[in-house]
Amino acid sequence: MNFGRGPSVVLNVGGTRYSFSREVLKDFPLRRVSRLHGCLSEQDVLEVCDDYDRERNEYFFDRHSEAFGFIMLYVRHGHLRFVPHMCELSFYNEMIYWGLEGSHLDYCCQRRLDDRMSETCTYYSAEEPNGGPDGKGRRPPGAEGGKWLERMRRTFEEPTSSVAAQVLATVSILFVIVSMVVLCASTLPEWRAPENRSVEEQSRYTAESVREPSGIIEAICIGWFTAECIVRFIVSKNKCEFVRRPLNIIDLLAITPYYISVLMTVFTGENSQLQRAGVTLRVLRMMRIFWVIKLARHFIGLQTLGLTLKRCYREMVMLLVFICVAMAIFSALSQLLENGLDLGTKNKDYASIPAACWWVIISMTTVGYGDMCPITVPGRILGGICVVSGIVLLALPITFIYHSFVQCYHELKFRSARYSRSLSAEFLN
């Protein structure tokens, strides 16, 4: 060290003092601490630390003392783990400050950090670019000109961010409800076209259905959803990220079938292929059921369900693996006991292992339709074991999924409460 006196230096981190020799600082594993060795003046020192005491040769860092203690354990023993009861992102900020990276963490903590950063980037960074729901963060130069664009973005993306956003969300919900009522009513016998129409009559009916009240209501709803999707795409910052979001993909899946069905009706006309196209049109028409998922933008419950499935995909995969392994074992054994052995009574329902898989899955999930069941004593014993095993295997990952669901619900409630405070302030103003 070219600055300071004495054989040793003292690091004061949040009130906790650490003493080191000058030679140790030269090759210190923490990049910020090792920079002290090359400081030539007090100004250089103050660029590294927050304050400096020349008399005692003590360097002050206004950082989290407990986090630095865990970082020092990494310096001594080579293992870096999170501080208990401390936010992973806060500890990661401390790591970056001292010159460490996520790769220095142990593997288990790396997974926690990756999951936490993924959740935060998806639900906070992408929707709060200005530092929070109040918009009081630092704005880059020239951002005032795009203030209205940011307000439009928050109005369409966050239903609780303002009074206008709540009104827009209410209108969108009403359109979803109306479209669902029309979709359900269109399946009633009084609303459906008779099946014995000729090809020409069916063609005229398809063309005239757009002019009926249900067709008009459907067109109005589609027009609203299309306009909403286009505006949200225009005001979005990252167009590629907008297209990749799950809810936006669902919007496209709900809107596109209508335009495809209209184009197919126009181009098909009275063609002989109309009957086959009619099946396609009915399939596309039924895809409007995806509009129900649009309610996830406005209800925390559906958002919690989606976020839980995203976080617990490992547990869901583990659950599927459990079921597949058990299905393979019990289906093979049941087919052998019921049909494979020459016991005098062969059960035709278990003629093959794939056929037995259906019995295994409805038994493990305790549904038990009764359409097929074992008739031999060994098969019934195996059936009892299969049911009990299904209860145990299905219950094992449920605990993890439940805790994740509760955590997601509290996080989304907290986020919604922050926007509600912003909404209250706007309403009072």
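Fair warning: this is a prediction, and the values are worked out from it, not measured in the lab.

**Q** If you had to explain the overall build of the chain to someone new, which residues and values would you point to?
**A** The number of helices and strands found in the chain is 18 helices and four strands. For the chain, buried positions account for 39% of its 429 residues. Sequence separation of at least 24 residues holds for 63% of the intrachain contacts in the chain that already meet a minimum separation of 6.

**Q** Give me the sheet that holds strand β4 (residues 58-61): which residues, what numbers.
**A** Read from one edge of the open sheet, four strands run β2-β1-β4-β3, paired in mixed fashion. The sheet terminates laterally at β2 (16-21) and β3 (51-53), the two strands that pair on one side only. Strand after strand, the sheet turns through a mean of 20 degrees between neighbouring axes, direction not considered. As paired elements, β3 and β4 share three bridges and run antiparallel to each other. Counted as the bridge partner of aspartate 53 is glutamate 58 from β4. Running over the sheet, helix α4 (residues 65-77) touches β1 (8-13) and β2 and is turned about 35 degrees from β2.

**Q** Residues and numbers for the UniProt feature "transmembrane region" (unreviewed entry) in the chain, please.
**A** Following the UniProt record, one finds the feature "transmembrane region" (unreviewed entry) at residues 163-188, 215-235, 247-269, 289-309, 316-337, 349-369 and 381-405. The span residues 316-337 is 100% helix and 0% strand, and its two end C-alpha atoms sit 31 Å from each other.

**Q** So what's going on with the confidence of the model for the chain? Residues and values would help.
**A** Looking at the chain, pLDDT values average 76 and 77% of them are 70 or higher. Summarising per-element confidence for the chain, the mean pLDDT is lowest in helix α9 (residues 199-209) (47) and highest in helix α16 (residues 353-364) (91). pLDDT under 50 marks residues 194-211. Its contacts with residues more than four places away, or in other chains, come to 22 contacts. In the model, residues 423-429 has pLDDT below 50 throughout and makes nine contacts with residues more than four positions away in sequence or in other chains.

**Q** Account for the pairing of β2, naming residues and giving values.
**A** Inspection of the sheet shows β1 paired to β2 by six bridges, in the antiparallel sense. Across the sheet, asparagine 12 pairs through a bridge with arginine 17, a residue of β2. Between β1 and β2, which pair antiparallel one after the other, the connecting turn spans two residues, and glycine 14 there sits at a positive phi close to 60 degrees.

**Q** Now, about unusual backbone geometry: what can you tell me, with residues and values included?
**A** Phi at asparagine 57 takes a positive value of approximately 55 degrees, unusual for a residue other than glycine. Assignment of secondary structure puts asparagine 57 in the loop between β3 and β4. One non-glycine residue, threonine 366, lies in positive phi territory at about 55 degrees. Along the chain, threonine 366 turns up in the loop between α16 and α17 (377-395).

**Q** Report on the packing of aromatic side chains, specifying residues and quantitative values.
**A** Within the structure shown, the criterion is met by 11 aromatic pairs. Arranged with centres 5.0 Å apart and planes meeting at 55 degrees, the rings of phenylalanine 61 and tryptophan 98 form a pair that is tilted. Of this pair, phenylalanine 61 sits in strand β4 while tryptophan 98 is found in helix α5 (residues 88-98), placing the two residues 37 residues apart along the sequence. Of the residues examined, tryptophan 98 reaches a relative accessible area of 0% and is grouped as buried.

**Q** Let's hear about the packing of helix α7 (residues 147-157) against helix α8 (residues 163-185): which residues, and what values?
**A** The interhelical angle for the contact between α7 and α8, taken along N-to-C directions, is 40 degrees, at an axis separation of 8 Å. Judged by the angle between their axes, α7 and α8 are oblique. Our pair here, α7 against α8, has a crossing hand that is right-handed. Between α7, through Arg154, Thr155 and Phe156, and α8, the contact on the second element is made entirely by Ala164, Ala165 and Leu168. Partitioning the contact of α7 with α8 into residue classes produces four nonpolar, one polar and one charged.

**Q** So what's going on with the pattern of salt bridges? Residues and values would help.
**A** Applying the stated criterion across every chain yields a total of seven salt bridges. Overlapping salt bridges, with partners in common, bring together Arg17, Asp53, Arg56 and Glu58 in one network.

**Q** Could you give an account of the nonpolar core, naming the residues involved and the relevant values?
**A** Judged by nonpolar contacts, the single largest core of 35 residues is most densely connected at Tyr59, Phe61, Phe91 and Trp98. For this core, the elements supplying multiple residues, two or more each, are β1, β2, α3 (42-48), β4, α4, α5 and α6 (107-125). The residues contacting tryptophan 98, other than those within four sequence positions of it, are Val13, Leu30, Arg31, Arg32, Val33, Phe61, Arg63, Phe68 and Ile71. The next biggest cluster of nonpolar side chains, apart from the first, holds 15 residues, and it includes Leu319, Leu337, Ala356 and Trp359.

**Q** Would you mind going over the side chain of arginine 32 in detail, with residue names and values included?
**A** Turning to its location among the elements, arginine 32 is positioned in helix α2 (residues 31-34). Polar side-chain contacts of arginine 32 include one of 2.6 Å to the backbone oxygen of valine 48. Discounting chain neighbours no more than four positions away, the residues touching arginine 32 are Glu47, Val48, Phe61, Tyr97 and Trp98.

**Q** Which residues make up the pairing of β1, and what values do they have?
**A** Buried residues dominate β1, accounting for five of its six residues. Inspection of the sheet shows β1 paired to β4 by four bridges, in the parallel sense. Bridge assignment links asparagine 12 to a residue of β4, and that residue is phenylalanine 60.

**Q** Break down the packing of α16 against α17 for me, citing the residues and quoting the values.
**A** For any two helices packed against each other, the geometry is given by the interaxial angle and the distance between the axes. Following both chains from N to C, one finds α16 and α17 inclined at 55 degrees, their axes separated by 8 Å at the closest point. With respect to α17, the axis of α16 lies oblique. Where α16 crosses over α17, the two elements pack in a sense that is right-handed. Contacts between α16 and α17 involve Trp359, Val360, Ser363 and Met364 on the former and, on the latter, Gly383, Cys386, Val387, Gly390, Ile391, Leu393 and Leu394. Of the residues contributing to the contact of α16 with α17, the split by class is eight nonpolar, three polar and no charged.

**Q** Can you tell me about the side chain of serine 404, naming the residues and giving the values?
**A** For serine 404, the location among the structural elements is in helix α18 (residues 398-428). Judged by relative accessible area, which is 9%, serine 404 ranks as buried. In this structure, serine 404 is in contact with Thr308, Arg311 and Cys312, ignoring residues within four places of it in sequence.

Procedures and definitions
- Residues numbered from 1 in each chain as written.
- Predicted model: local features only at pLDDT ≥ 70, side-chain atom pairs only at ≥ 80, totals over all residues.
- Heavy atoms only, no water.
- Helix = DSSP H or I, 4+ residues; strand = E, 2+ residues; numbered from the N terminus.
- Buried < 20%, exposed > 50% of the residue type's maximum accessible area, 1.4 Å probe, protein only.
- Contact = heavy atoms within 4.5 Å.
- Pairing = 2+ DSSP bridges.
- Axes fitted to C-alpha atoms, helices over the stretch in contact; angles between N-to-C directions.
- UniProt positions renumbered as here; feature names shortened; annotations may be inferred.
- pLDDT = per-residue confidence, 0-100.
- Phe/Tyr/Trp six-rings, centres within 6.5 Å; stacked < 30°, edge-to-face > 60°.
- Parallel < 35°, antiparallel > 145°, perpendicular 65-115°, else oblique.
- Left-handed = near helix turned anticlockwise from the far one by under 90°.
- Nonpolar A, V, L, I, M, F, W, Y, C, P; charged D, E, K, R; others polar.
- Salt bridge = Lys/Arg side-chain N within 4 Å of Asp/Glu carboxyl O.
- Core = buried A, V, L, I, M, F, W, Y, C linked by side-chain atoms within 4.5 Å.
- Polar contact = N/O pair within 3.5 Å; in protein donor to acceptor, adjacent residues only side chain to side chain.

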